[in-house]
Amino acid sequence: MSDIAIGAVRPSESPFNRRTMLWVTAVGVLAFVAMLVLGAYAPDLRSGRNGGTHALSNAAVGFSGLVRLAEATGRNPEIVRSEAELERDSPTIVSPDHGYTDISDVLGRRGGRTTLLVLPKWMTMPDRARSGWVRVPALIPREDPEATLAPDAPLSIRRSRTGGEPLTTVDSAAPAALRFFAPKITQTASGEDLRPVITDASGRIVLGQLGDSRLFILADPDLINNHGMGDQRQARAALALLDYLNSGGSNAVLFDVTANGLGRSRSPLKLAFDPPFLAVTLTIFVAMLLAGFQALVRFGSPRRPERAIAFGKSALVDNSAALIRKAGREARLGARYVDVIRERAAVLFRLAPTLDREAVDMRMEALNPRRSFAELANAASQARSRDELLGVARSLHHWVKEVQE
């Protein structure tokens, strides 16, 4: 079946407007790129204002106040979102939301480095009036903080009401400013390898050191959380505690949030937006834009589709020649071609139409003494291949031209 010639579609007849489709494509591409970027950096964009017991939380049980205080006093606090950063030598504060949280990987990466583990104390519920704040209805069960280091180093937790008396700093190497005051309900801890650093009036451990390691256990988080930072005395002692932990003279204090589910891991998607791979990503993006531009914009006037079988005598001749070529009958057309040349010569040289074929051949033989028409006609009739026929046809054509000169 042949194709039907179709004219160019007018812009008004198009079902889609070019400008509209360009805007739709641009919005789709931008939305897709934004989704990729947000997917790659989503962990970094978490505000952490979920009311948890970590350094990003503004709730009463959080530690963002200590972070801001440390920053204001030049102690260079840093929020740790990657477990790989836990292998740094700087002192690190780890404060899981619950004792049942698995922090074995965190402590394993810390190894023998100085680490302060803050035990959980309060049961919280979201404050619907203020986002990121919490209400504290009660203490969590003692079994929760007791499970923090279990089963390797089980702890025993006790709570007691106090009148806000000063706590006792047992370690003689501690700075003089390390003087906390007991909260209304003081949480203490005891364990087989737990050595006291700060105790309450009854000698129970509030801050202890686990054996000979550099792992410190703070039983009562109210000493350094946001609620405790409302007291200038506790805030001053909290800074002294950071200095006590940083006995090695590190230039930073780390606050871990990976134990609170706010960590991040390296992903191939994020690597695509970080140097040095960012250059490759931008190159691919520009190449896609150029390809899209080439697809949307036509270069030159539109071409009408061609018919499978063209109109006209020349198309009929070409199709007939192709059919003869397919059939392998070209060599048998020699005699027919001689007849065509004979008829053409008879018209050109005004030979009488009443002459028979032999008479015409005799007249044509006398017209060109340099090239014999009879020999050429005989060679054309005896041609057995396409190349032979083509050579004879050229000779007959030259015969006509020589006669005309």
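To be clear, the structure that these remarks concern was listed above.
Here's a quick rundown of the structure. (Residues numbered from 1 in each chain as written. Predicted model: local features only at pLDDT ≥ 70, side-chain atom pairs only at ≥ 80, totals over all residues. Heavy atoms only, no water.)

Overview of the overall build of the chain
- Helix and strand counts for the chain come out as 12 helices and 12 strands.
- Taken across its 405 residues, the chain has 36% of its residues classed as buried.
- Within the chain, counting contacts between residues at least 6 apart in sequence, those at least 24 apart form 62% of the total.
- Surface exposure of the chain reaches about 24900 Å², of which carbon and sulfur atoms provide 56%. (Helix = DSSP H or I, 4+ residues; strand = E, 2+ residues; numbered from the N terminus. Buried < 20%, exposed > 50% of the residue type's maximum accessible area, 1.4 Å probe, protein only. Contact = heavy atoms within 4.5 Å. Areas by Shrake-Rupley, 256 points an atom, 1.4 Å probe, with all protein chains shown as cover.)

Re a nonpolar patch on the surface
- On the surface, Val280, Ile284 and Met288 cluster together into a nonpolar patch covering about 310 Å² of accessible area.
- Within the secondary structure, Ile284 is located in helix α7 (residues 277-296). (Patch = residues over 30% accessible without salt bridge, like charges linked within 9 Å, V, L, I, M, F, W, Y side chains within 5 Å. Salt bridge = Lys/Arg side-chain N within 4 Å of Asp/Glu carboxyl O.)

Digging into helix α2 (residues 64-72)
- Every buried residue belonging to α2 is among Ser64, Gly65, Leu66, Val67 and Ala70, and all of these are buried.
- Packing partners of the buried residues in α2 comprise β1 (77-80), β2 (92-94), α5 (232-245) and β12 (253-256).
- Note on α2: the residue one or two positions beyond its end, Gly74, has a positive phi of about 75°.

Observations regarding the nonpolar core
- Among the nonpolar cores identified, the biggest contains 33 residues, and Leu116, Phe180, Ile224 and Leu241 are the most heavily contacted of them.
- If you list the elements that add at least two residues to this core, you get α2, β3 (115-118), β9 (194-199), β10 (205-210), β11 (215-218), α5 and β12.
- A total of 9 residues in this core trace back to one element, the largest contributor, which is α5.
- Contacts of Leu241, omitting those with residues within four sequence positions, involve Leu116, Leu178, Phe180, Leu207 and Ile224.
- Leu119, Ile157, Ile217 and Ala219 belong to the second-largest nonpolar core, a separate cluster that totals 20 residues. (Core = buried A, V, L, I, M, F, W, Y, C linked by side-chain atoms within 4.5 Å.)

Quick word on the packing of α2 against α5
- One can describe the packing of α2 onto α5 by two numbers: an axis separation of 11 Å at closest approach and a directional angle of 70°. Judged on the interaxial angle alone, α5 and α2 are roughly perpendicular. Listed contacts from α5 to Leu66, Leu69 and Ala70 of α2 are Ala235, Ala238, Leu239 and Leu242.
- Class assignment for the residues of the contact of α2 with α5 results in 7 nonpolar, no polar and no charged. (Axes fitted to C-alpha atoms, helices over the stretch in contact; angles between N-to-C directions. Parallel < 35°, antiparallel > 145°, perpendicular 65-115°, else oblique. Nonpolar A, V, L, I, M, F, W, Y, C, P; charged D, E, K, R; others polar.)

Remarks on the side chain of Gln234
- Position of Gln234 among the secondary structure elements: in helix α5.
- Gln234 sits in the buried class, given a relative accessible area of 6%.
- Polar side-chain contacts of Gln234 include one of 2.8 Å to the backbone oxygen of Phe181. (Polar contact = N/O pair within 3.5 Å; in protein donor to acceptor, adjacent residues only side chain to side chain.)

Some thoughts on the packing of aromatic side chains
- Scanning the model with the defined rule gives 1 aromatic pair in all.
- Centre to centre, the rings of Phe216 and Tyr244 are 5.8 Å apart; their planes meet at 70°, and the pair counts as edge-to-face. Pair noted here: Phe216 is in strand β11 and Tyr244 is in helix α5, with a separation of 28 residues, a long-range link. Across the pair, exposure class does not vary: Phe216 and Tyr244 are buried alike.
- We note Arg233 situated over the ring of Phe181; from NZ or CZ to the ring centre the distance is 3.8 Å. (Phe/Tyr/Trp six-rings, centres within 6.5 Å; stacked < 30°, edge-to-face > 60°. Lys NZ or Arg CZ within 6 Å of the ring centre and 35° of its normal.)

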